[in-house]
Structures are given as structure tokens and as C-alpha cells.
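In case you want the letters, here they are:
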Amino acid sequence: MKHTDFSQLNGSPADVERLKQLYAQHEHMPYVSPQRDLALWLDKAAMTSGETVPKRNMQKTEEGYLPGHIIILWRVQFGTYDNQTVISKYFEYDYGIDAKADIENLIEDGLVDVMTAKESLIYMTAPLLKKWLKDKEVAGYSKFKKDELVAAVQTAYTEEEIGQKFALRGYRLTEKGEQVLANNQYVIDKHPKKKF
């Protein structure tokens, strides 16, 4: 998983030392982005503990993942998390992880699969799917429902052809990812809920 590169931080050597001291009692050092204004954030953190990553979010699960990684898995299971999802700041500020880099680690570890271009057609709009069918001179699709349009495009195009039309790729949990998520329900229970 991605760790803080202290040499890249946006702060003075004294700021970096303050950061290290702030998290000295944590099991793992939270990730801090090079874009964060370290001095400004440290001043805020000195005034309220609500600015720092809680200790519990830096304790690994039995499988070796941090709570923030479990939250990524939870988000992926909804089917709305993809390679173009805007990453919420809470991953860094509340969970101490670099979600953009760590999703790649979860893929490498076999917890998350990247969907193919054909599988990712479910994220495309109906008008766009119809346009692609028209481009291939497929007839009779005007009254198709979304799932029928997806199936028709999957039939009309090769994986390579459709893959050149859009870059978005969906993510989905593997069986291993589902198991890790199920094993760590306590993390989800503590996470502020909203629909995704």
C-alpha cells in the first residue's frame, strides 16, 4: 500500500518532524499527499483532534488491510466505483490512505477485478449505445431497453473495437474481495453512511 514520501511533502523539515511526532503512537503512519499544505494543516491539527486520522484507522485487519481499504471494497460492491471515480478526500484525511494508488494494490492482490470494455458498457448512456449501433448499421434497436442495447453493442463490436471508444472501466469485487469485506463489517458499521 502507498506510504507517505516524506521527501515530497509540501512543508519544511520541521513540519515533517511535527507530522511524525503527531502520529508517533499510531500503528502505521497515515498517507499524506504532497499537495497538502502541511504547515497549515498541522496548525489546525494542533487545535482539534478532529483533523487527524484516528488510531483505529491505522490498525490492520487480520488480512493485512487498513480500514480505508475495506471502505474501498465497500464502495466497489455498489457497482458505481470505476477508474474515473472522483476520489473522496476522506480516504486521505479520515482513513490515511491514497485510495487512487491503493485500488491498484487491491487489484494486484486479487480483491478487485477491472471489468472489460464490453462489461463496462453498462456505464454508457442509452443514446450513446444507440449511436454505436447505428454506426454499425444494426437495425431494430430503437425500442430496446438499456440492457438490450448493451447486449446488442457487445454482439456488434469486438472487445478491441469497443475498447477504443471509451476509457471508463468498472470495478467489481472478486470472491476474495467479498470475503475480506464480509470479515470486516465492523469497519463499515463505523463509517458515516450515504448512498453512492
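Structure shown above.
Every value quoted in this text rests on a predicted model; they were computed, and no experiment measured them. (Residues numbered from 1 in each chain as written. Predicted model: local features only at pLDDT ≥ 70, side-chain atom pairs only at ≥ 80, totals over all residues. Heavy atoms only, no water.)

> Quick question: what am I supposed to make of the overall build of the chain here?
Across its full length, the chain carries ten helices and two strands. Along the chain, from the amino end to the carboxyl end, the secondary structure elements read α-α-α-α-α-β-α-α-α-β-α-α. Whereas a compact globule of 196 residues would reach a radius of gyration of roughly 16 Å, the chain reaches 21 Å, over 25% beyond that. Over its C-alpha atoms, taken along the principal directions, the chain stretches across nearly 65 × 35 × 30 Å. Taking all 196 residues of the chain together, the buried fraction comes to 40%. Here the contacts in the chain between residues at least 6 apart in sequence split such that 70% fall between residues at least 24 apart. Element-wise, carbon and sulfur atoms account for 50% of the exposed surface of the chain, whose accessible area totals about 11,100 Å². (Helix = DSSP H or I, 4+ residues; strand = E, 2+ residues; numbered from the N terminus. Rg over C-alpha atoms; globule rule 2.2 N^0.38 Å. Buried < 20%, exposed > 50% of the residue type's maximum accessible area, 1.4 Å probe, protein only. Contact = heavy atoms within 4.5 Å. Areas by Shrake-Rupley, 256 points an atom, 1.4 Å probe, with all protein chains shown as cover.)

> What exactly am I supposed to notice about the nonpolar core here?
A general tendency of soluble globular proteins is for nonpolar side chains to be buried together. Membership of the largest hydrophobic core comes to 35 residues, with the highest contact counts inside it found for I72, L73 and V112. Those elements that provide at least two residues to this core are α1 (13-22), α2 (38-47), α3 (67-77), α4 (90-93), α5 (99-108), β2 (171-173), α9 (175-183) and α10 (185-190). If one sorts the elements of this core by residue count, α3 sits on top with six residues. Apart from residues lying up to four places away in sequence, I72 is in contact with Y81, F91, I97, A99, D102, I103 and L106. Judged by nonpolar contacts, the second largest core, of 15 residues, contains L121, L133, V150 and Y157. (Core = buried A, V, L, I, M, F, W, Y, C linked by side-chain atoms within 4.5 Å.)

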